[in-house]
2 protein chains.
Amino acid sequence: MDTRPAFVLIFANNREEALRLVEGIKDKRLLFAIFIGSTRTSLIPGITAAGPNPEATLYTPTLDVEYLVLGRPVTINAIPVTPSGIPTPAIITRACITRLGIPRLIVDCGAYARPKVPHVLLPHASTGGRIDVEDALPEEATRGLIEDARALAECLVNAFDVFVLAESIPAGTTTALAIMTGLGYDAWGKVSSSMTDNPLRLKEEVVRKALTRVKSRDPIHVVSKVGDPVHISIAAFAIEALRQDKAVILAGGTQMCAVLALIKGLLGYEPRNITIVTTRWLLEDRQSDIRGLIKMIGPNTPLIAVPLDFSDAPYPGLRAYEDGYVKEGVGAGGAVFLAHIIHGLSLDAIKRLVYDEYERLLGLMKNVRSH
Amino acid sequence: MDTRPAFVLIFANNREEALRLVEGIKDKRLLFAIFIGSTRTSLIPGITAAGPNPEATLYTPTLDVEYLVLGRPVTINAIPVTPSGIPTPAIITRACITRLGIPRLIVDCGAYARPKVPHVLLPHASTGGRIDVEDALPEEATRGLIEDARALAECLVNAFDVFVLAESIPAGTTTALAIMTGLGYDAWGKVSSSMTDNPLRLKEEVVRKALTRVKSRDPIHVVSKVGDPVHISIAAFAIEALRQDKAVILAGGTQMCAVLALIKGLLGYEPRNITIVTTRWLLEDRQSDIRGLIKMIGPNTPLIAVPLDFSDAPYPGLRAYEDGYVKEGVGAGGAVFLAHIIHGLSLDAIKRLVYDEYERLLGLMKNVRSH
């Protein structure tokens, strides 16, 4: 008799390896690490919906992790929302990670505002430049972030078997596109968006301008010219974990393909023991192509999506996910995956947790501006 | 046949509980967390040997953890030494923790200089005031540090079974004396020192001046008036870990009695599941009385000392420990304890690791000033 619980997951690439991960992960020691940072690229009007207006997007990562840890924003008394008022996917992450007590750590790679919750500060943390008009980072900062993230992984590596790495960086899909194309991949038209109408033309325009400054495919050069502080830090952390035979889960959408490309670029080969876990909304998005990116960058990399469905949600802010808003972020897909696999919760039970958290948030938002 | 390895430890209080900890710890998941901070109390001439001169002591915690993580200081190109040139006990900690790969985390509670290695930043981190002439911390900062340390513990608590908490704060024995006496304990003459001649009269004079500002035995009031950012942060972290049924090891000397007193003061009762682990040098010191402090503050608290002996060391800087210099710090005793119990290394093997690290350091110091 098969007594394994019936996991409801979409295996979208390398099903065999993905199944091995899922079956082996139950009793593993794992850490959910959220890497945050800002890029002034998010100030370009219309490029991201990760904040009610361009200036506000600079604060979104900080508010995301403050809310994640404490259940309320601190730096500004406002929950991050899209311009149309749809709240941050950190709601899903908080419901699944914080409330289930999964070990977690915030890593600041260069948030515009330092979070007012305990977090690991990488000494070379720097906010990234607006890549259409300026370099992302000095090369020294890029190298420094690599060294910092490696040193952090080294401090923690023996405590865990699996590292689940997530991100919060507004305009991160744009810098991800720049990183992937800078490294030589034809990623045009393939990155996702927090908007229902992906501003692919605007992103392409920004990235084409940025790429005029790229002179080689060296990952450090590419990141320094057209990247941001977050993707490279995740990549460097992952490399150290993989080097010590640990499993890595990249919890995110098409941005994680940029991380994968950086890892491959730095190592010189396609890594093993690394899986991308995302949401159904991301996987099914017709304006982006995460499968296509994986096929180009790391064809053996397992891709798993969690089929969360908010179409019966009593809240318009969550039903909007079904119309293509938000889709992913702050490791939402990976968080649901862990609640499902590690805690054995059904997707219905997870939805109840999310709705419950949303309800709590609505009470909070009566006293709180939308950010 | 008893196949247990022969552990060489000194059980100096509650032997039965101490043995239970030692026998149970082998397969436990543990984290070594080093809490660092500065107090301007260390600027009082003659009060501490944790730096070559009073101004330099402000940088010692930062240099300690940079050296611990990277093997070299970064902020200043100098290894912390006493005025007579004896190097920091972080040498022992690095040999046992970093080089054996024990999971570790730096927590900045208020270092004067922000460390240039990845570290957890507590948002309310503040350098403490010089307690003979000014308050240690605003009450808001004390409350903030308690909340920060609690939130950090909450993020990590389910990943570990045992939290080993260490400190680096020059003049920490003076603020520890002030905390304990402020809380109502007769700790006079009982705190240790990094010097061979403990400046007990000077410490007493400083603390008596400080205590004139103390109006109640409320732990938050006492810390704000005469404490520092480190002891209260360790206490708050420990309380959250204990609340979640985890074991806590306080890795340090008489300062850890101040932590114990704060925990007891905040909880309202003597905590269980908490052990103090230190060095033989500290335990045998005739100018301080850790046993006496424990008897007053937490009579059921196990006290373990590691009988490391450097009398045959080929280096004067280590032989000096046998003359009463340094004695403890940066969790040195707890680090040796873990190398011995978790990694099963004999004290001779541990000494070889320390000598080897010292040798490496001597090579490094040819190119590096003594700090």
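The structure this text deals with has already been given above.
Procedures and definitions
Residues numbered from 1 in each chain as written. Chains lettered and ligands numbered in written order. Predicted model: local features only at pLDDT ≥ 70, side-chain atom pairs only at ≥ 80, totals over all residues. Heavy atoms only, no water. Helix = DSSP H or I, 4+ residues; strand = E, 2+ residues; numbered from the N terminus. Rg over C-alpha atoms; globule rule 2.2 N^0.38 Å. Buried < 20%, exposed > 50% of the residue type's maximum accessible area, 1.4 Å probe, protein only. Contact = heavy atoms within 4.5 Å. Lys, Arg positive; Asp, Glu negative; His and termini not counted. Charge placed at Lys NZ, Arg CZ, Asp CG, Glu CD. Buried area = accessible area lost by both parts, 1.4 Å probe. Salt bridge = Lys/Arg side-chain N within 4 Å of Asp/Glu carboxyl O. Polar contact = N/O pair within 3.5 Å; in protein donor to acceptor, adjacent residues only side chain to side chain. Nonpolar A, V, L, I, M, F, W, Y, C, P; charged D, E, K, R; others polar. Pairing = 2+ DSSP bridges. Disulfide = S-S within 2.5 Å. Least-squares fit on C-alpha atoms with pLDDT ≥ 70 in both. Core = buried A, V, L, I, M, F, W, Y, C linked by side-chain atoms within 4.5 Å. Right-handed = clockwise from strand over helix to strand, strands pointing away. Phe/Tyr/Trp six-rings, centres within 6.5 Å; stacked < 30°, edge-to-face > 60°. Lys NZ or Arg CZ within 6 Å of the ring centre and 35° of its normal.

### Topic: the overall build of chain A
Then step 1. Regarding its fold elements, chain A presents 15 helices and 10 strands.
Then step 2. Its C-alpha atoms give chain A a radius of gyration of 18 Å, near enough to 21 Å, the size a compact globule of 371 residues would have.
Then step 3. Taking the principal axes of its C-alpha atoms as reference, chain A extends roughly 55 × 50 × 40 Å.
Then step 4. Burial analysis of chain A (371 residues in total) assigns 65% to the buried set.
Then step 5. Considering only contacts in chain A between residues 6 or more positions apart, those separated by 24 or more positions represent 79%.
Then step 6. Of the charged side chains in chain A, 40 are positive and 40 negative, and the gap between their average positions amounts to 1 Å.

### A few points about the interface of chain B and chain A
Then step 1. The interface of chain B with chain A comprises 28 residues on the first partner and 29 residues on the second.
Then step 2. Among the residues of chain B in contact with chain A, Arg104, Pro118 and Cys155 of chain B are the three that bury the most area, contributing 26% of the side total.
Then step 3. Joining chain B to chain A, the criterion identifies zero salt bridges.
Then step 4. Run the count over chain B and chain A and you get seven residue pairs in polar contact (both at pLDDT 80 or more).
Then step 5. Looking at which element gives the most residues to the side of chain B that touches chain A, the answer is helix α5 (residues 139-156) of chain B, with seven residues.
Then step 6. For the side of chain B that touches chain A, the residue count by class is 18 nonpolar, three polar and seven charged.
Then step 7. As paired elements, strand β5 (residues 119-121) of chain A and strand β5 (residues 119-121) of chain B share three bridges and run antiparallel to each other. Of the residues in β5 of chain B, the one forming a bridge with His119 of chain A is Leu121 of chain B.

### Section: the side chain of Ser192 of chain B
Then step 1. On the secondary structure map, Ser192 of chain B appears in the loop between α6 (172-182) and α7 (200-211).
Then step 2. With residues near it in sequence (within four places) discarded, Ser192 of chain B still touches Thr173, Asn198, Lys203, Thr254, Leu282, Asp285, Ser288 and Lys327 of chain B.

### Regarding the state of the cysteines
All names here are of chain A.
Then step 1. The full count for this structure, using the stated rule, is zero disulfides over all chains.
Then step 2. Summary of cysteine pairing: Cys109 is not part of a disulfide, and the nearest cysteine sulfur, belonging to Cys155, is at 15 Å.
Then step 3. Relative accessible area serves as the criterion here: at 0%, Cys109 is assigned to the buried category.

### With respect to the relation of the copies chain B and chain A
Then step 1. When chain B is brought onto chain A, the operation consists of a screw motion whose angular component is 180° and whose axial shift is 0.0 Å, with 0.0 Å RMSD remaining. With respect to symmetry, the two chain copies, as superposed, fit the operation of a two-fold axis. Every residue of chain B has its C-alpha some distance from the rotation axis, and the shortest such distance is that of Val120 of chain B, at 2.0 Å.
Then step 2. When the interface residues of chain B are mapped onto chain A, 100% of them are again interface residues, pointing to one common binding face.

### Remarks on the nonpolar core
Soluble globular proteins: nonpolar side chains tend toward being buried together.
Then step 1. Core analysis: the biggest nonpolar cluster contains 277 residues, and Met180 and Phe337 of chain A together with Met180 and Phe337 of chain B have the highest contact counts within it.
Then step 2. Residue contacts for Met180 of chain B: discarding those within four places in its chain leaves Tyr185, Ala187, Val191, Thr254, Cys257, Ala258, Ala261, Leu293 and Ile297 of chain B.

### Let's talk about the pairing of strand β8 (residues 274-279) of chain B
All names here are of chain B.
Then step 1. Judged by how many residues are buried, β8 sits mostly within the fold: six of six residues are covered.
Then step 2. Where burial is concerned, the two faces of β8 agree: the one with Ile274, Ile276 and Thr278 and the one with Thr275, Val277 and Thr279 are both buried.
Then step 3. With four bridges connecting them, strand β7 (residues 247-251) and β8 associate as parallel partners. Its bridge partner lying in β8, Ala251 is registered against Val277.
Then step 4. The β-α-β motif built from β7, the intervening helix α10 (residues 255-267) and the parallel element β8 has right-handed crossover chirality.
Then step 5. In this structure, β8 lies alongside strand β9 (residues 303-306), joined through four bridges in parallel fashion. Across the sheet, residue Thr278 finds its bridge partner in β9, namely Ala305.

### With respect to the packing of aromatic side chains
Ring pairs (aromatic) are described by centroid distance and by the angle formed between their planes.
Then step 1. Per the stated rule, a full pass over the model turns up 21 aromatic pairs over all chains.
Then step 2. Taking 5.6 Å as the distance between ring centres and 75° as the angle between the ring planes, the aromatic pair formed by Phe35 of chain A and Phe237 of chain A counts as edge-to-face. You can see Phe35 of chain A sitting in strand β2 (residues 30-37) and its partner Phe237 of chain A sitting in helix α9 (residues 229-243), a full 202 residues away along the chain.
Then step 3. Ring-pair connections join several aromatic residues into one group, and the members of that group are Phe35, Phe160, Phe163 and Phe237 of chain A together with Phe35, Phe160, Phe163 and Phe237 of chain B.
Then step 4. In this structure, Arg208 of chain A packs its charged tip against the face of Trp188 of chain A, placed 3.9 Å from the ring centre.

### Looking at the side chain of Thr62 of chain B
Then step 1. Mapped onto the fold, Thr62 of chain B is located in helix α3 (residues 60-70).
Then step 2. Residue Thr62 of chain B is classed as buried on the basis of its relative accessible area of 0%.

### Notes on α3 of chain B
Residue and element names in this part refer to chain B.
Then step 1. With 10 of 11 residues buried, α3 is to be regarded as a mostly interior element.
Then step 2. Turning to α3, its buried residues number three or more, namely Thr60, Pro61, Thr62, Leu63, Asp64, Val65, Glu66, Tyr67, Leu68 and Val69.
Then step 3. Phi turns positive, to about 85°, at Gly71, one or two residues after α3.

### Notes on unusual backbone geometry
Residue and element names in this part refer to chain A.
Then step 1. Even without glycine at this site, Asn273 takes up a positive phi of about 65°.
Then step 2. Phi at Lys327 takes a positive value of approximately 75°, unusual for a residue other than glycine.
Then step 3. On the secondary structure map, Lys327 appears in the loop between α13 (316-319) and α14 (332-341).

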